[in-house]
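Summary of structural features
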Amino acid sequence: LATGSSDATTAIRLFAALLYGAKAMKVRKESDRDPYWTNIGYYNSIRELGQASTWIRADIDQHLDVMYKRRFDDKRYPTTDAYRKNRRYISRDSQLTSRISGSEVTASLADLGISYPAETDAEGKVKESPIDICLATNMISVGLDVSRLGLMTVAGQPKTTSEYIQATSRVGRNTEEAPGIVFVLYRP
């Protein structure tokens, strides 16, 4: 980032672009989107993570709508099934930090294992949808072993090289399915 740039605006736009990209990419079958459906956001501190958690429902979701409208401006589908099908929504988010209890950590780790596309019941209603964004601190550096994860955004540089290696190695573990992709947002 150049001096004077807003790292908040950059992060919001990057998160939205990555979420939208997973929805918009051309695939042979819907399950090919799965490795990139969930974005793990890595933060150096709980304070930075807390700020990012406020962006999810407002700023990032709003920018997803802007991206959809730019792409489909000539053929908008207001409130129709086609609109819901083409636009990316944030239906689930979670956190992995020391602020949450051990049982919540266990539940979040289990939820990260839910694959895209979401399973539906006999009536076509979604049973459980996958997590779209999971914000985490260095808590994920060890113990997070979810093979379906392939996308991470690192906000700032982790404090040590070993922490960077440990954190970023949490994605891309299933190289047969898809390689891992890590985006690092440096500060000015």
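Check the entry above for the structure.
The text that follows walks through the structure, step by step, so that each part is easy to find. Model, not experiment: these values are computed from the prediction.

Compared with the 26 Å implied by 1.5 Å per residue over 18 residues, the 25 Å span of helix H1 (residues 7-24) between its first and last C-alpha is a close match. Those residues of H1 lying buried are Ala8, Ala11, Ile12, Leu14, Phe15, Ala16, Leu18, Leu19, Tyr20, Ala22 and Lys23.

Mapping Gln157 onto the fold places it in the loop between strand S6 (151-155) and helix H6 (161-168). For the pair Gln157 and Val105, spaced 52 residues apart in sequence, the C-alpha separation works out to 24 Å. Apart from residues no more than four positions distant in its own chain, Gln157 is found in contact with Asn44, Tyr164, Val184 and Tyr186.

What follows concerns the packing of H1 against helix H3 (residues 46-71). Angle between the axes and distance between the axes are the two parameters that describe a pair of packed helices. Orientation of H1 relative to H3, taken along the N-to-C sense of each, is 55°, at an axis distance of 9 Å. Classed by the angle they form, the pair H1 and H3 counts as oblique. Judged by the sense of rotation from one axis to the other, the crossing of H1 with H3 is right-handed. Here Ala8, Ala11, Ile12, Arg13, Phe15, Ala16, Ala17, Leu19, Tyr20 and Ala24 of H1 lie close against H3, whose contacting residues are Trp55, Asp59, Ile60, His63, Leu64, Met67, Tyr68 and Arg71. Residues that form the contact of H1 with H3 fall into these classes: 14 nonpolar, 1 polar and 3 charged.

Below, the discussion takes up the packing of aromatic side chains. Per the counting criterion, the structure on display carries 1 aromatic pair. For the pair Trp37 and Tyr116, a centre-to-centre distance of 3.8 Å together with 15° between the ring planes defines the contact as stacked. A residue pair is termed long-range when its members are at least 10 positions apart, and Trp37 in helix H2 (residues 34-37) and Tyr116 in the loop between helix H5 (102-112) and strand S3 (119-120) qualify at 79 residues. Arg87 extends its terminal NZ or CZ atom over the ring of Tyr89, reaching a point 4.4 Å from the ring centre. One residue, Arg88, lies across the ring of Trp37, its end atom 3.6 Å from the ring centre.

Calculation rules
- Along each chain, residues carry numbers from 1 onward, in the same order as the chain's sequence is written.
- Local features are withheld for residues below a pLDDT of 70 in this predicted model, meaning they are given only at 70 or higher, and side-chain atom pairs are given and counted only at 80 or more; totals for whole chains, interfaces and linings count all residues.
- Computation of side-chain values: all heavy atoms of the structure, hydrogens and water removed.
- Numbered from the N terminus, helices here are DSSP runs of H or I no shorter than four residues, and strands are runs of E no shorter than two.
- To estimate the expected span of a helix, count its residues, drop one, and scale the result by 1.5 Å.
- Using a 1.4 Å probe on the protein chains alone, a residue whose accessible area is under 20% of its type maximum counts as buried, one over 50% counts as exposed, and one in between counts as partly exposed.
- Whether two residues touch is decided by their heavy atoms; if any such pair falls within 4.5 Å, the residues are in contact.
- Convention adopted: a line fitted to C-alpha atoms gives each axis, helices being fitted over their contacting stretch, and angles between N-to-C directions are expressed from 0 to 180 degrees.
- Any angle that falls under 35 degrees is termed roughly parallel, while one over 145 is termed roughly antiparallel, one within 65 to 115 roughly perpendicular, and all others oblique.
- Note on convention: the crossing is left-handed when the near helix lies turned anticlockwise from the far helix by less than a right angle, right-handed when the turn is clockwise.
- By the convention adopted, Pro, Cys, Tyr, Trp, Phe, Met, Ile, Leu, Val and Ala count as nonpolar, Lys, Arg, Asp and Glu as charged, and the other residues, Gly among them, as polar.
- When two rings of Phe, Tyr or Trp (its six-membered ring) have centres within 6.5 Å they constitute a pair, described as stacked for plane angles under 30 degrees, edge-to-face for angles over 60, and tilted for the intermediate range.
- We call a charge positioned over a ring when the NZ of a Lys or the CZ of an Arg lies within 6 Å of the ring centre and within 35 degrees of the ring normal.

Nothing here speaks to function; it is all geometry.
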